[in-house]
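# Results of the structural survey
So the chains spell out like this:
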Amino acid sequence: MYQTVWALCLGLGAAAAPVQAAAPSAASANHQPPRLATVDWGLAQNLVAIGVTPLAVGQTSGYATWVGQPKLPAATRDLGLRSQPNLELLAQLDPDRILITQMYASLKPKLARIAPVATVDVYFTPGPVWDNTVAAVKKLGRIAHRPAAARDLIERTESEIRTAAARLPEDPKPLLVVQWSDAQHVYVFGKNSLIGATMQRMGLENAWQGETSRWGSAQVPVSRLASVDAGRIVVMGPVPVGLRDQIADSRLWNSLTLVRNAPVVYIPGVWSFGGLPSASRFARLITRALRNAPARGPGWPESTATSS
């Protein structure tokens, strides 16, 4: 599952067979709030945060694991794979509009046979990731007929980040934020990631100055972390299935100076390709973790998988 999630950020396979377009819905004809479906978790996350119940979302069980908050409403239907959504179900649900990011552009011709498709993007749009994330929320607010709720989400997120930053320990050291890929590799988050942008707004120094992908992250071998000038490592969940024991017993990991000399900070998962709720979630989690940094070595507390 973990590798699949990251692979989706590099490319998409072929979509399912096309179906015929549905007739215009009664909601559209009566100018009611539009019924919106999306294959993208970040868009779904933002929709829920502005008070919109998505009609359908791709891989809802994966959303629960990787995104977590806010939870999808019970009425939201599962479209199946994000890269290969169930087009027959989607046509039956009769959405007024289908939302995608540019990453799913290959699906647009097939989705457009069901309903109008709107692209709301962050990472394929020039400019700072924070500005693009805010702009995406505003666009979703217009599409969903909830511009005021979108503005409220932006203001609330900024306030929550400021509040979290004000509670940080004094003079926190540069942080290296990583997420495990496999027993030998981690993903690191740079300044052009949502994680890095949130850190910057909190006044936290990001220790990773190396290259990153379009999404602001890079997969690197664990051995490369030895050369990073950081004060502390932050490990972000969730942990890939079956890796917990391997990591705990890893000589390479345990030999890192940062692991030996400073307690590793662990936080639950944050959807790093997400929207503003991911930013505020990271701010809360990192502040709590740094304030309560355990006096322990490289052990792996269970809370990384479940805490919010």
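Residues numbered from 1 in each chain as written. Predicted model: local features only at pLDDT ≥ 70, side-chain atom pairs only at ≥ 80, totals over all residues. Heavy atoms only, no water.

## Looking at the overall build of the chain
Assigned secondary structure in the chain consists of 14 helices and 10 strands. Put simply, the chain has 308 residues, and 54% of those count as buried. A sequence separation of at least 24 residues applies to 67% of the contacts in the chain between residues at least 6 apart. For the chain, the exposed area adds up to about 13,600 Å²; of that, 50% sits on carbon and sulfur atoms. (Helix = DSSP H or I, 4+ residues; strand = E, 2+ residues; numbered from the N terminus. Buried < 20%, exposed > 50% of the residue type's maximum accessible area, 1.4 Å probe, protein only. Contact = heavy atoms within 4.5 Å. Areas by Shrake-Rupley, 256 points an atom, 1.4 Å probe, with all protein chains shown as cover.)

## Side note on the side chain of Ser-250
Structurally, Ser-250 is set in the loop between α10 (244-248) and α11 (251-255). Within polar-contact distance, the side chain of Ser-250 engages the backbone nitrogen of Trp-253 at 3.1 Å. (Polar contact = N/O pair within 3.5 Å; in protein donor to acceptor, adjacent residues only side chain to side chain.)

## Remarks on the confidence of the model for the chain
Looking at the chain as a whole, its pLDDT mean stands at 87, while 85% of the residues score no less than 70. Across residues 1-5, confidence stays below pLDDT 50; counting only partners more than four residues off in sequence or on other chains, it has 18 contacts. Of the regions scoring below 50 in pLDDT, residues 9-30 engages in 44 contacts with residues more than four places distant in sequence or in other chains. (pLDDT = per-residue confidence, 0-100.)

## Digging into a positive patch on the surface
Positive charge collects at one region of the surface, where Arg-97, Lys-108, Lys-138, Lys-139 and Arg-142 lie side by side. When residues of the positive patch are assigned to their parent elements, the largest contribution, three residues, is made by helix α7 (residues 129-143). Classification of Lys-139 by relative accessible area gives partly exposed; the value is 31%. (Patch = residues over 30% accessible without salt bridge, like charges linked within 9 Å, V, L, I, M, F, W, Y side chains within 5 Å. Salt bridge = Lys/Arg side-chain N within 4 Å of Asp/Glu carboxyl O. Lys, Arg positive; Asp, Glu negative; His and termini not counted. Charge placed at Lys NZ, Arg CZ, Asp CG, Glu CD.)

## Structural notes on the packing of helix α8 (residues 147-166) against helix α13 (residues 276-291)
Closest axis-to-axis distance for the α8/α13 pair is 9 Å, and the angle between their directions is 15 degrees. Classified by the angle their axes make, α8 and α13 are roughly parallel. In the packing of α8 onto α13, the handedness of the crossing is left-handed. Every residue of α13 that contacts α8 at Leu-153, Ile-154, Thr-157, Glu-160, Ile-161, Ala-164 and Ala-165 is listed here: Leu-276, Ala-279, Ser-280, Ala-283, Arg-284 and Thr-287. Here the residues of the contact of α8 with α13 are counted per class, giving eight nonpolar, three polar and two charged. (Axes fitted to C-alpha atoms, helices over the stretch in contact; angles between N-to-C directions. Parallel < 35°, antiparallel > 145°, perpendicular 65-115°, else oblique. Left-handed = near helix turned anticlockwise from the far one by under 90°. Nonpolar A, V, L, I, M, F, W, Y, C, P; charged D, E, K, R; others polar.)

## Focus on the pairing of strand β4 (residues 97-100)
Where strand β1 (residues 36-38) and β4 come together, three bridges link them in parallel fashion. Residue pairing for β4: Thr-38 is matched across the bridge by Leu-99. (Pairing = 2+ DSSP bridges.)

## Section: the side chain of Arg-82
Here Arg-82 is to be found in the loop between β3 (77-78) and α5 (87-93). Despite its burial, Arg-82 remains without a salt bridge, the nearest opposite charge being carried by Asp-40 at 5.8 Å. Side-chain polar atoms of Arg-82 contact the side chain of Gln-59, separated by 2.9 Å.

## As for the sheet that holds strand β8 (residues 217-221)
Think of a sheet as strands paired side by side through backbone hydrogen bonds, with each pair either parallel or antiparallel. Spatially, the five strands line up as an open sheet ordered β8-β7-β6-β9-β10, and their pairing is mixed. The sheet terminates laterally at β8 and β10 (265-267), the two strands that pair on one side only. Neighbour-to-neighbour, the strand axes of the sheet open up by a mean angle of 35 degrees, direction not taken into account. Of the strand pairs in this sheet, strand β6 (residues 175-182) and strand β9 (residues 232-236) are connected by four bridges, and their pairing is parallel. Each bridged residue has a counterpart across the sheet, and for Val-178 the counterpart in β9 is Val-235. Packed onto the sheet, α13 meets β6, β9 and β10 and runs at close to 145 degrees relative to β10.

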